[in-house]
Amino acid sequence: MKKGCWRLTLALVVVLASTHTEASFSRRMDDFIRAVKQVEDGDPGAEPVAVLKRLRRAAGLDDAFIQHFLGRVDPSGPHMDAGLSDYISKAVRHRVTDDGREEGVVLTSDGTTVALAPLLLGIEAGFLSKSNGRVRGLYQLTLAKDLSRPLRRSSPLAQRLGPDGCWDSLTSPRVFTLSDLPALLTTAQVNGGMDGSVIGMEVSAKARRPLKLSSLLAEYYCHQLDNGGLDAAPRLISRRRRENFRVLVVPPLLARQVMKSVELQRTLKGRSKMEVKDRKQLMAAVKEGIKEFFHKYMDCPPIIPRCMWGAEPYRGTPTNLSLPLSFMYIHHTHTPSQPCLTFQQCSADMRSMQRFHQDDRGWDDIGYSFVAGSDGNIYEGRGWHWRGAHTLGHNSIGYGVSFIGDYAASLPSRHSMRLVRDQLASCAVGGGRLVADFILHGHRQVVNTSCPGDALYNEIKGWGHFGEVKK
């Protein structure tokens, strides 16, 4: 074979190998974990920190801010397949394009989308920690640096937190598009930051640390719920990210970390310290911004948007609600009769209910405002702004919230009840959508399963403010 042909053939083999690797991995978390395992298999015996540094090198996460806490990555080291390296680079490197596509994010099995960079940086910081429960740079690497950017802008933070988005495919996701104008801090970045903080702190506090990064990620993101649901689930899983993060971080701590992040960035750029007046103004903005952050991501539950559960379009023109409303009406379903324990099953149940309401009942859409699964999520029905069809004669003055499952004789999981009673109601009140946290009991328009004497009825009577809607 001539030398030129040999080189061309070799180049073609490299390109094909790279293309094959990229094509074989989607933007699902389990595919990313599979890629991490391939990195580990290429260097048997490597500690998780060494694997994390190789991932960081492939993704180009090595600016001065990151080096300050984690050190430089070694440019030498075990060879990584070109296709694998290319996949990791694209999967981890975060950016939002001009047309609203968010890159550097993956879809997890629980239905949420996570930015990988803050996740991996937090875990690496945790493994490098030498003090039990104290991780240098943990919150600055995972959330504080990103939070500091929108806080220094003039518009209200609430307009720059989020949005969430939707994938082009749930079975083989590759493109994630934001549902609104691109924000400076997306929900996927917040999810990744919370996960990086939680896992980073966890590995720093354990006497015996995991031997494999891939195993750690699989345990956190791939746990299968049994019939006990989240009530019987382990503490350290992705479905519990918000409650775990709330235990770790209080608003004053995160505010201090944001300020430290701003000051460190100025120092690394060779700029002088802020004037006292400027620092006070920034600190006031930070405190207000952190308050909004905690309301959006701690007070409110994770809400799966319509596009993620596969909703059909609204038929006709929706009627907007006149906010604030006074009431929240609680229901449960007759069909489906069983609780759903996975994002996939809950999504299928949502589609089934929407078909019944639209095709059999002739309604414009699924009747409920929101629906609570037993998988740790709230599912968006008609949402915060569209009038529902849930409680005859009362649809214009309140939200209708249903639990998936027949709870005439038993109760939903404690976790799903807390999502509705404590978080969804708090989210509505704090967002100015409810004037009071009234939890009212309603009768379903489809099948009358929510009646006095029901187990759920009796439970709701103990929730506090309570009223009954008569037939």
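Placed above this text is the structure.
Before going into details, it helps to say that this report is about the structure given with it. Values in this document were obtained by computation on a predicted structure and should not be read as measured data. (Residues numbered from 1 in each chain as written. Predicted model: local features only at pLDDT ≥ 70, side-chain atom pairs only at ≥ 80, totals over all residues. Heavy atoms only, no water.)

Some remarks on the overall build of the protein
Here is the rule we go by: Strands are runs of DSSP state E lasting at least 2 residues, helices are runs of H or I lasting at least 4, and numbering of each runs from the N terminus. Residue burial is assigned from relative accessible area. The probe radius is 1.4 Å, only protein chains are included, and a residue is buried under 20% of its type maximum, exposed over 50%, and partly exposed in between. Any pair of residues with heavy atoms lying within 4.5 Å of one another is described as a contacting pair. Surface exposure here means Shrake-Rupley accessible area, sampled with a 1.4 Å probe, where a residue is shielded only by the protein chains that are shown.
In terms of helices and strands, the protein carries 16 helices and 13 strands. In the protein, buried positions account for 53% of the 471 residues. Sequence-distant contacts, at least 24 apart, represent 73% of the contacts inside the protein between residues at least 6 apart. Carbon and sulfur atoms provide 52% of the accessible area of the protein, an area that totals close to 21200 Å².

Considering helix 5 (residues 82-92)
To keep it simple, the criterion reads: Definition of a polar contact: a pair of N or O atoms within 3.5 Å, with one able to donate and the other able to accept a hydrogen when the atoms are protein atoms, and with sequence-neighbouring residues admitted only if both atoms are side-chain atoms.
Regarding helix 5, the residues found buried are Gly-83, Leu-84, Tyr-87, Ile-88, Ser-89, Ala-91 and Val-92. N-capping of helix 5 is provided by Asp-81, with a side-chain oxygen placed 2.9 Å from the backbone N of Gly-83.

Details of the state of the cysteines
What counts, and what does not: Working definition: a disulfide is two cysteine sulfur atoms within 2.5 Å of each other.
In this structure the tally under the stated criterion is 3 disulfides. Residue Cys-300 pairs covalently with Cys-427 via a disulfide, S to S 2.0 Å. With the S-S dihedral at roughly 85 degrees, the linkage between Cys-300 and Cys-427 falls on the right-handed side. Of this pair, Cys-300 sits in the loop between helix 12 (276-299) and strand 7 (303-304) while Cys-427 sits in helix 15 (residues 414-430), and the two are 127 residues apart along the sequence. By relative accessible area, Cys-300 is classed as buried at 6%. Owing to a relative accessible area of 5%, Cys-427 belongs among the buried residues under this scheme. If you count the bonded cysteines of the protein from the N-terminus, they pair up as 1-3, 2-6, 4-5.

Remarks on the packing of helix 10 (residues 241-248) against helix 12
Packed helices, taken two at a time, are described by their axes: the angle between them and the distance between them. Here is the rule we go by: Here an axis means a line fitted to C-alpha atoms, over the contact stretch when the element is a helix, while the angle between two N-to-C directions is reported on a 0 to 180 degree scale. When describing relative orientation, an angle under 35 degrees is termed roughly parallel and one over 145 degrees roughly antiparallel, while 65 to 115 degrees is termed roughly perpendicular and anything else oblique. Amino acid classes used here: Ala, Val, Leu, Ile, Met, Phe, Trp, Tyr, Cys and Pro are nonpolar; Asp, Glu, Lys and Arg are charged; the rest, including Gly, are polar.
Running from N to C, helix 10 and helix 12 cross one another at 140 degrees; their axes reach a closest spacing of 9 Å. By the criterion of interaxial angle, the relationship of helix 10 to helix 12 is oblique. Facing Arg-242, Phe-245 and Arg-246 of helix 10, the residues of helix 12 in contact are Phe-293, Lys-296, Tyr-297, Met-298 and Asp-299. Here the residues of the contact of helix 10 with helix 12 are counted per class, giving 4 nonpolar, no polar and 4 charged.

Notes on the nonpolar core
Heads up, the rule is: Only buried residues count toward a nonpolar core. Its members are Ala, Val, Leu, Ile, Met, Phe, Trp, Tyr and Cys residues joined through side-chain atoms within 4.5 Å.
By size, the foremost hydrophobic cluster in this structure holds 74 residues, and its most contacted members are Phe-32 and Phe-293. Those residues in contact with Phe-32 that sit more than four places away from it in its chain are Tyr-87, Ala-91, Val-92, Leu-116, Leu-120 and Leu-217.

Focus on unusual backbone geometry
Of the consecutive residues Leu-323 and Pro-324, the connecting peptide bond is found in the cis state with omega at 0 degrees. In this structure, the amide linkage connecting Thr-335 to the following residue, Pro-336, adopts the cis form with an omega of 5 degrees. Position of Pro-336 relative to the elements: it lies in the loop between strand 8 (327-332) and helix 14 (343-360).

Considerations on the environment of Ser-326
Along the chain, the position of Ser-326 falls in the loop between helix 13 (306-309) and strand 8. Along the backbone, Ser-326 and Gly-398 are 72 residues apart, and their C-alpha atoms lie at a distance of 5.9 Å.

With respect to the packing of aromatic side chains
We apply this condition: Only the six-membered ring of Trp is used, alongside the rings of Phe and Tyr, when aromatic pairs are assigned; centres must lie within 6.5 Å, and planes under 30 degrees apart are stacked while those over 60 apart are edge-to-face, with the rest tilted. Here, a charge over a ring means that NZ of Lys or CZ of Arg falls within 6 Å of the ring centre while also lying within 35 degrees of the ring normal.
Inspection of every chain in the model, using the stated rule, returns 11 aromatic pairs. Both rings, one in Phe-327 and one in Tyr-329, keep their centres 6.1 Å apart while their planes meet at 50 degrees; by these two values the pair is tilted. Owing to a relative accessible area of 23%, Phe-327 belongs among the partly exposed residues under this scheme. Chaining the aromatic ring pairs together yields one cluster made of Phe-293, Phe-294 and Tyr-297. When the ring centre of Trp-384 is taken as reference, the NZ or CZ atom of Arg-433 above it lies at 4.4 Å.

Some remarks on helix 15
So the rule is basically this: Helices are assigned an expected span. That span is 1.5 Å times one less than the residue count. Fitting one axis to the seven residues ending at a residue and another to the seven starting there, the bend at that residue is the angle between the two axes.
Along its 17 residues, helix 15 runs 23 Å from first to last C-alpha, staying within 8% of the 24 Å computed at 1.5 Å per residue. Along its length, helix 15 reaches its greatest deviation from straightness, about 30 degrees, at Val-420. When we look at burial in helix 15, the residues that qualify are His-415, Ser-416, Met-417, Leu-419, Val-420, Gln-423, Leu-424, Ala-425, Cys-427 and Ala-428. Looking one or two places after helix 15, you find Gly-432, whose phi comes out positive at around 75 degrees.

As for the packing of helix 6 (residues 116-128) against helix 9 (residues 213-221)
This is how the line gets drawn: Less than a right angle of anticlockwise turn of the near helix away from the far helix marks a crossing as left-handed, whereas a clockwise turn marks it as right-handed.
Running from amino to carboxyl end, helix 6 crosses helix 9 at an angle of 120 degrees, the nearest separation of the two axes being 13 Å. The angle between helix 6 and helix 9 falls in the class oblique. The hand of the helix 6/helix 9 crossing is right-handed. Residues Leu-119, Ile-123 and Phe-127 of helix 6 form the contact with helix 9, whose own contacting residues are Leu-213, Leu-216, Leu-217 and Tyr-221.

Focus on the side chain of Asp-195
Position of Asp-195 among the secondary structure elements: in helix 8 (residues 187-205). A distance of 2.6 Å separates the side chain of Asp-195 from the side chain of Tyr-220, its partner in a polar contact. A polar atom in the side chain of Asp-195 sits 2.7 Å from the side chain of Tyr-221. Excluding anything up to four places from it in sequence, Asp-195 contacts Val-114, Leu-119, Gly-200, Tyr-220, Tyr-221 and Arg-241.

Considerations on the pattern of salt bridges
Basically, it comes down to this: A carboxyl oxygen of Asp or Glu within 4 Å of a side-chain nitrogen of Lys or Arg is what we treat as a salt bridge.
For the structure on display, the rule yields 18 salt bridges. Asp-30 is the partner of Arg-28 in a salt bridge, and the nearest nitrogen-oxygen pair spans 3.5 Å. Classification of Arg-28 by relative accessible area gives buried; the value is 14%. A salt bridge links Arg-246 to Asp-299; its shortest N-O distance comes to 3.2 Å. Here Arg-246, found in helix 10, pairs with Asp-299, found in helix 12; they are 53 residues apart in sequence, far enough to count as distant. Overall, the relative accessible area of 26% leaves Asp-299 in the partly exposed class. In the salt-bridge network here, residues are joined through shared partners; they are Lys-53, Arg-56, Asp-62 and Glu-124.

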